[in-house]
Amino acid sequence: MRAMVISGGGSKGAFAGGVAQFLLQEAKHKYDMFIGTSTGSLLISHLALQKIDKIKKIYTSVNQESIFSSCPYITHKKNGIETIGIHHFNVLKNILRGSKTFGESYNLLKLIKDSLTIEEFNLLKEQNTEIVITVSNLSLNKVEYKSISDCTYDEFCEWIWISCNYTPFMSLAKKNGCEYADGGLGSMVPIEEAIRRGATVVDAIILQTETTLFNRMPSKNAFSLLTNMFAFMLDRIEQQNIRIGKYVASNNNAIINFYFTPTVLTTNSLIFEEKKMTTWWKSGYDFAENMNIDTNHIEIE
């Protein structure tokens, strides 16, 4: 059984789309399972449907307005370096109306429902391919994996949205009496879950370099500090997920093919720029092509 696992990574998901396009269209890999976290969860339904041009168009045209119904930050660029600052009016407005987060991401939920139709959802359910979304249950303090086979259309779209909600900058969702947030807070790279569900070959697309290639710039403001802190924690979670995935694979005779980004794409994946994401999609495709991985080779340290 072959699985594609796509990590979280915000705007860097465009790179993952390019890698996946090569693996599906040129390498001709057939996948029995797709598992995604955060931005990965946005990609996998369309990849399973082989509707790559459709999701590529979305990823290379999305912007802040496509995601946020109330954006909590503004972006600045100085000497080629992008930083974020507090959008005081939007943050204050959210606080005054009793929101638990600085921003709201209901536009993203609308985008998900607009891009994945009921007909496409039903077609996915008719296939034998397993589609799994990673979410973090903050109330029960655990990671949950939501399979399309257990969901209605509305539920499935909501789980994708919830998996992407990078709190406290995006919406905090309440469902089934529990509070849910970004799947990456618990599992950035769900390789272990893919193997637990029976995968013997895993193509894992990791939206991070294999080794640390930079030092973060000093925090400029409270939001900059928060994003740096979250990035630090998510990096640690990601590295732990990879180590555990390698261990589980070695004990289950499973093969993992890793696709790390070869360079640092961005230091702030909350910034969505059409031109950059178009470039990242192409670079992901070219990178996968150049790797020319022999899928019979076990790439486990």
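Residues numbered from 1 in each chain as written. Predicted model: local features only at pLDDT ≥ 70, side-chain atom pairs only at ≥ 80, totals over all residues. Heavy atoms only, no water.

### Side note on the nonpolar core
Then step 1. Met4, Phe34, Leu47, Phe156, Ile191 and Ile205 are the most contacted members of the largest nonpolar core, which has 92 residues in total.
Then step 2. Aside from chain neighbours lying at most four places away, what touches isoleucine 205 is Met4, Val5, Ile6, Ser7, Ala16, Val19, Ala20 and Tyr259. (Core = buried A, V, L, I, M, F, W, Y, C linked by side-chain atoms within 4.5 Å. Buried < 20%, exposed > 50% of the residue type's maximum accessible area, 1.4 Å probe, protein only. Contact = heavy atoms within 4.5 Å.)

### Considerations on the pattern of salt bridges
Then step 1. In total, this model carries twelve salt bridges according to the counting rule given.
Then step 2. The partner of glutamate 144 in a salt bridge is lysine 146, and the shortest N-O contact between them spans 2.8 Å.
Then step 3. With a relative accessible area of 17%, lysine 146 lands in the buried category.
Then step 4. Three or more residues are tied together by salt bridges with common partners; here these are Glu130, Glu193, Arg196 and Arg197. (Salt bridge = Lys/Arg side-chain N within 4 Å of Asp/Glu carboxyl O.)

### Details of the pairing of strand E10 (residues 255-260)
Then step 1. Most of E10 is tucked away, with six of its six residues classed as buried.
Then step 2. Neither face of E10 is left uncovered, since the one carrying Ile255, Asn257 and Tyr259 and the one carrying Ile256, Phe258 and Phe260 both have all their residues buried.
Then step 3. Sheet analysis places strand E9 (residues 201-206) next to E10, joined by six bridges and oriented parallel. Its bridge partner lying in E10, alanine 204 is registered against phenylalanine 258. (Helix = DSSP H or I, 4+ residues; strand = E, 2+ residues; numbered from the N terminus. Pairing = 2+ DSSP bridges.)

### Details of helix H8 (residues 153-164)
Then step 1. Between its first and last C-alpha, H8 extends 17 Å over twelve residues, near the 16 Å set by a 1.5 Å rise per residue.
Then step 2. Buried residues dominate H8, accounting for nine of its twelve residues.
Then step 3. Residues of H8 that are buried include every one of Tyr153, Phe156, Cys157, Trp159, Ile160, Trp161, Ile162, Ser163 and Cys164, and no others. (Expected span 1.5 Å × (residues − 1).)

### Brief notes about the pairing of strand E2 (residues 33-37)
Then step 1. With respect to burial, E2 is a largely interior element, five of its five residues being buried.
Then step 2. The alternating pattern of E2 places Met33, Ile35 and Thr37 on one face and Phe34 and Gly36 on the opposite face, and all of these are buried.
Then step 3. You can see the chain leave strand E1 (residues 2-6), run along helix H1 (residues 13-26) and come back into E2, and the turn it takes is right-handed.
Then step 4. Across five bridges, the pairing between E2 and strand E5 (residues 130-137) is parallel. Its bridge partner lying in E5, glycine 36 is registered against isoleucine 133. (Right-handed = clockwise from strand over helix to strand, strands pointing away.)

### Considering unusual backbone geometry
Leaving glycine out, the prevailing phi sign among residues is negative, and the prevailing peptide bond configuration is trans.
Then step 1. Here the amide bond leading from threonine 167 into proline 168 is cis, since omega sits at 5°, within 30 degrees of zero.
Then step 2. Its place among the elements puts proline 168 in the loop between H8 and strand E7 (173-175).
Then step 3. Here asparagine 141, not a glycine, exhibits a phi torsion of approximately 60°, which is positive.
Then step 4. Looking at the secondary structure, you find asparagine 141 in the loop between E5 and strand E6 (142-147).
Then step 5. For asparagine 141, a relative accessible area of 71% corresponds to the exposed category.
Then step 6. One non-glycine residue, asparagine 176, lies in positive phi territory at about 55°.
Then step 7. Mapped onto the fold, asparagine 176 is located in the loop between E7 and strand E8 (178-182).
Then step 8. Accessibility expressed as a relative area gives 64% for asparagine 176, which makes it exposed.

### Quick word on helix H7 (residues 118-126)
Then step 1. Along H7, the residues classified as buried are Glu120, Phe121 and Leu124. Looking down the long axis of H7, one finds its buried residues gathered within 100° of arc, a one-sided arrangement. Residues of H7 that are exposed and point more than 90 degrees away from the buried face comprise Glu119 and Glu126.
Then step 2. Next to the buried residues of H7 lie helix H2 (39-48), helix H3 (52-59), helix H6 (106-115), E5 and H8. (Arc of directions from axis to C-beta.)

### Regarding the confidence of the model for the protein
Then step 1. For the protein, per-residue confidence averages 91 on the pLDDT scale, and 93% of positions sit at 70 or higher.
Then step 2. Considering only residues more than four positions removed or in separate chains, one finds that residues 294-301, a stretch of pLDDT under 50, has 19 contacts. (pLDDT = per-residue confidence, 0-100.)

### A look at the packing of H1 against helix H11 (residues 274-291)
The packing of two helices is summarised by the inter-axis angle and the distance between the axes.
Then step 1. Close contact between H1 and H11 brings their axes to 6 Å; oriented N to C, the two are set at 40°. One way to sum up the angle between H1 and H11 is to call them oblique. The chirality of how H1 crosses H11 is right-handed. The segment H1 lies against H11, with Ala14, Phe15, Gly17, Gly18, Val19, Gln21, Phe22 and Glu26 engaging Met277, Trp280, Trp281, Ser283, Gly284, Tyr285, Phe287, Ala288 and Glu289. (Axes fitted to C-alpha atoms, helices over the stretch in contact; angles between N-to-C directions. Parallel < 35°, antiparallel > 145°, perpendicular 65-115°, else oblique. Left-handed = near helix turned anticlockwise from the far one by under 90°.)

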